[in-house]
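Now for the letters of each chain:
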Amino acid sequence: MTELLTVENLHVVFQTYAGTVYAVNGMTFDVQPGEIFGLVGESGCGKSVACLAILRILPGHGRITAGRILFDGRDLIQARESEMQAIRGRQIAMIFQDPSTSLNPVFTVGSQIKRIIRHHTRASRKVTEQRALELLEEVALPDPLRIMQAYPHELSGGMQQRVMIAMALASGARLLIADEPTTALDVTIQDQILELLVELRRHVGLSILLITHNLGVVAETCDRVGVAYAGQIVEIGPTSEVLRRMKHPYTQGLLAALPSAQQKGKDLLSISGNVPNGLSVIPGCPFHPRCPRVMEVCWQTPPRLAAANPGEMQHQVACHLYSPEVAQ
Amino acid sequence: MSDQILIETRRLSKYFHPRQGLFPSKRGAVRALEDVNLTIYRQETLGVVGESGCGKTTLGRVLLNLARPTSGQVIFEGQDLSALDHNALRRLRREMQIVFQNPYSSFDPRFSMFRSLAEPLLTHTDLRGEALEQRARELARQVGMPEDALSRYPHEFSGGQLQRMAIARALALNPKFIVLDEPTSALDVSVQAQILNLLRNLQRRFKLTYLFISHDLSVIQYISDRIAVMYLGKVVELITAPSLVEGQAQHPYTRALLSAIPEVHPEEKRERIAMPSKAPDAARPPSGCSFHPRCPFAMDICAQVEPPLEQISAGHWSACHLIHS
Ligand SMILES: Nc1ncnc2c1ncn2[C@@H]1O[C@H](COP(=O)(O)OP(=O)(O)OP(=O)(O)O)[C@@H](O)[C@H]1O
Ligand SMILES: Nc1ncnc2c1ncn2[C@@H]1O[C@H](COP(=O)(O)OP(=O)(O)OP(=O)(O)O)[C@@H](O)[C@H]1O
Ligand code: SF4
Ligand code: SF4
Ligand SMILES: [Mg+2]
Ligand SMILES: [Mg+2]
């Protein structure tokens, strides 16, 4: 099978008053046709920025400094702006983490969703109206008629999130980038939305890049998962492998930090140290300042992604603990 | 947790009136809160869970007087908020803070983090100059952010980083009561663990009382002393965290929530309680028990008679006709 999306050694920086922010530092992953690929990782590790780079909608002070982004064989970094306009929304749809970036506060929900439908299908008024109502119903929104007439601020956080999902579905794209699409939803609705996404994958072969902090969501919906840290992928593989036989100390730390009722009254385990500020590139392994198993080699030599278990190429990890030379 | 009451609500309701174009519409009002009676004790964490759109954020906003109730009262330390004058309310504002669900919309994009943190301190305290800067640095440190974050602007942060700054700002005036509206849903689990530890630590140190809103039941079970489960503007179950953990939840909606928690190890999953998907509408709540169109245990009486919130055992209340059958 050939990949639908390949992100290869992607680097993105921002020029800010505080200095250069190294947001994405050599990220590599791919999404297969009809696959749900999960991307998890530390807050601020560059997941959202990588998505903006894929769609080439980085803000003005952001720049892709290296790497390739292949969509259906075409390098999006080299594509002209006019080509990108044809891809955005039609081929690749995105659900943003922050509803306010995609919902316009001065228009009603109905006019926004209908504009998208008309833009993509050129359907008649009546058909558009009907389709808009259907979509709002599909994402489990109550009383679509009221929602259509509402302005974004009149909806709860979770309702705004579902409106965005409906807008993304309106476009009929082949790849859906969903950045934290269900964080504001109660688990029963979250369940419905995830089921809807899985359905769409099954029926129309939609591919999904799903960014989430919820490892339970990953376990239940994603075929494969990539774990990012400081702008790089540190572990990647089939979901059950990565969540059950995780190798990277960061992934291990993440799983150990999950709260549970048994820990009530006790502090939760968390990874010590601070989230890197992005203002410099950490030499060696990016995790070394916080790693409980750090070795001398980790300070200088960046580990590469390599098979986590001998002979098994699907599950890969970037950590010196598993490189043959270091492990004697 | 103590047995002294910090906040009480009495038959608290909040309706929103939808428009039809420019005019108020004839369609029903959205009942975001309906007759809510809650007691929040000093130094406790009251967890709030419930369907998206059921009124959790509205509850938090009305408690803090950021929105006026349509009817009913909020009593904070024995004082009815609706009876207070402007100055008294301004003083009270120091005591009560909120951390919003969406960290992006809670900061002014034109202001540096320092300015955002300094603002409440300038309005409500005498801190100026170096002392002000020192306090801002201390606040950033308390939430695990580097000091140079203070010179940066909101759009330069990830969602999680921004949420830490929002918590720092809420702490600035040493409040007594903080509404935490999904404070960790934008965070990765390791940062979430740090923030939850931080919140517990701050609670002990500064004797804080929290209203903690979240969709994540494992977080709610971990952090809360008691849990209020809301459905369509009403509290349908009130239960202590230990009882919830022990599987004592009675209300079918609470049980459906528990069964839908996505598990990292799917084999640990509880048996799924299947529910029809149609979400309810706060503008036209169903008759009787508002959960009845989705309830797998609904009986004839459920569509006709609204079940009252009744005590089942010490600290455990539920609104469901099944209690009597
Ligand atoms: N517009 C911007 N200008 C400057 N820096 C930015 C900008 N957007 C993001 N950054 C920085 O880039 C880094 C990556 O941010 P990004 O939003 O991709 O994180 P993330 O992985 O999506 O985190 P989260 O899980 O918290 O959403 C962070 O250090 C952030 O501060
Ligand atoms: N300013 C407003 N104008 C009109 N309706 C509103 C307004 N704010 C909230 N509502 C309505 O009140 C109801 C409750 O909203 P609220 O934001 O309290 O829900 P919530 O429980 O916090 O949901 P979520 O989990 O999605 O954040 C919703 O039906 C919403 O549409
Ligand atoms: S390479 Fe070294 S520092 Fe990095 S995760 Fe592995 S052991 Fe830790
Ligand atoms: S009162 Fe009836 S419909 Fe409502 S939760 Fe109980 S059994 Fe279900
Ligand atoms: Mg993000
Ligand atoms: Mg809310």
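Residues take numbers from 1 onward in each chain, read along the sequence in its written order. Starting at A for chains and at 1 for ligands, labels are handed out in the order in which the entities are written. Where local features are concerned, this predicted model is filtered to residues with pLDDT of at least 70; where side-chain atom pairs are given and counted, the filter is 80 or more; whole-chain, interface and lining totals use all residues. Think of the side-chain values as coming from all heavy atoms in the structure, minus any hydrogens and water.

**Focus: the interface of chain A and chain B**
Thought 1: Contacts are assigned to residue pairs that have any heavy atoms within 4.5 Å of one another. Contact with chain A, which involves 70 residues of that partner, is made by 67 residues of chain B.
Thought 2: Summed over both partners, the accessible area lost on bringing two parts together, with a 1.4 Å probe, is the buried area. Of all residues in chain A, Arg-146, Val-187 and Lys-264 of chain A give up the largest surface area on contact with chain B, accounting jointly for 11% of the area buried on that side.
Thought 3: Between Arg-200 of chain B and Asp-267 of chain A there is a salt bridge whose closest N-O contact spans 3.1 Å.
Thought 4: We define a polar contact as two N or O atoms separated by no more than 3.5 Å, with the added condition that, inside protein, one atom must be a possible hydrogen donor and the other a possible acceptor, whereas residues neighbouring each other in sequence contribute only through side-chain atom pairs. The interface formed by chain A and chain B contains 15 residue pairs in polar contact (both at pLDDT 80 or more).
Thought 5: In DSSP terms, a helix is any run of H or I states spanning at least four residues, a strand is any run of E spanning at least two, and both are numbered starting from the N terminus. Within the residue set of the side of chain A that touches chain B, elements represented by two or more residues are helix 3 (99-102), helix 6 (144-149), helix 7 (157-170), helix 8 (187-204), helix 9 (215-221), helix 10 (239-244) and helix 11 (249-256) of chain A.
Thought 6: A total of seven residues in the side of chain A that touches chain B trace back to one element, the largest contributor, which is helix 8 of chain A.
Thought 7: Broken down by class, the residue content of the side of chain A that touches chain B amounts to 30 nonpolar, 25 polar and 15 charged. Any Lys or Arg side-chain nitrogen found within 4 Å of a carboxyl oxygen on Asp or Glu counts as a salt bridge. Three categories are distinguished: nonpolar for Ala, Val, Leu, Ile, Met, Phe, Trp, Tyr, Cys and Pro, charged for Asp, Glu, Lys and Arg, and polar for the others, with Gly belonging to the last.

**Concerning the nonpolar core**
Thought 1: The biggest cluster of nonpolar side chains holds 64 residues, and the ones touching the most others in it are Phe-212 and Ile-227 of chain B.
Thought 2: If sequence neighbours within four positions are ignored, Phe-212 of chain B has contacts with Thr-45, Leu-46, Gly-47, Val-48, Leu-180, Pro-183, Leu-196, Leu-199, Val-219, Ile-220 and Ile-223 of chain B. The term nonpolar core refers to a set of buried residues drawn from Ala, Val, Leu, Ile, Met, Phe, Trp, Tyr and Cys, joined through side-chain atoms within 4.5 Å. Partly exposed residues are those whose accessible area sits between 20% and 50% of the maximum for their type, while under 20% is buried and over 50% is exposed, using a 1.4 Å probe and protein chains only.

**Thoughts on the domain arrangement of chain A**
All names here are of chain A.
Thought 1: The split of the chain into domains comes from an automatic or database domain assignment. Assigned domains within chain A: domain 1 (5-91 + 173-327) and domain 2 (105-171).
Thought 2: Its C-alpha centre places domain 1 at a distance of 30 Å from the equivalent point of domain 2.
Thought 3: Counting residues at the interface gives 15 residues for domain 1 and 14 residues for domain 2.
Thought 4: In total, domain 1 and domain 2 occlude about 1,100 Å² of area from one another, counting both sides; carbon and sulfur atoms represent 62% of this.
Thought 5: Of all residues in domain 1, the largest losses of buried area upon contact with domain 2 belong to Arg-90, Ile-193 and Leu-196, amounting jointly to 38% of the total for that side.
Thought 6: At the surface where domain 1 touches domain 2, the tally comes to zero salt bridges.
Thought 7: Viewed at the interface, domain 2 and domain 1 are joined by five residue pairs in polar contact (both at pLDDT 80 or more).
Thought 8: Ranked by residue count, the leading element in the side of domain 1 that touches domain 2 is helix 8, at five residues.
Thought 9: Of the residues assigned to the side of domain 1 that touches domain 2, the class counts are nine nonpolar, four polar and two charged.

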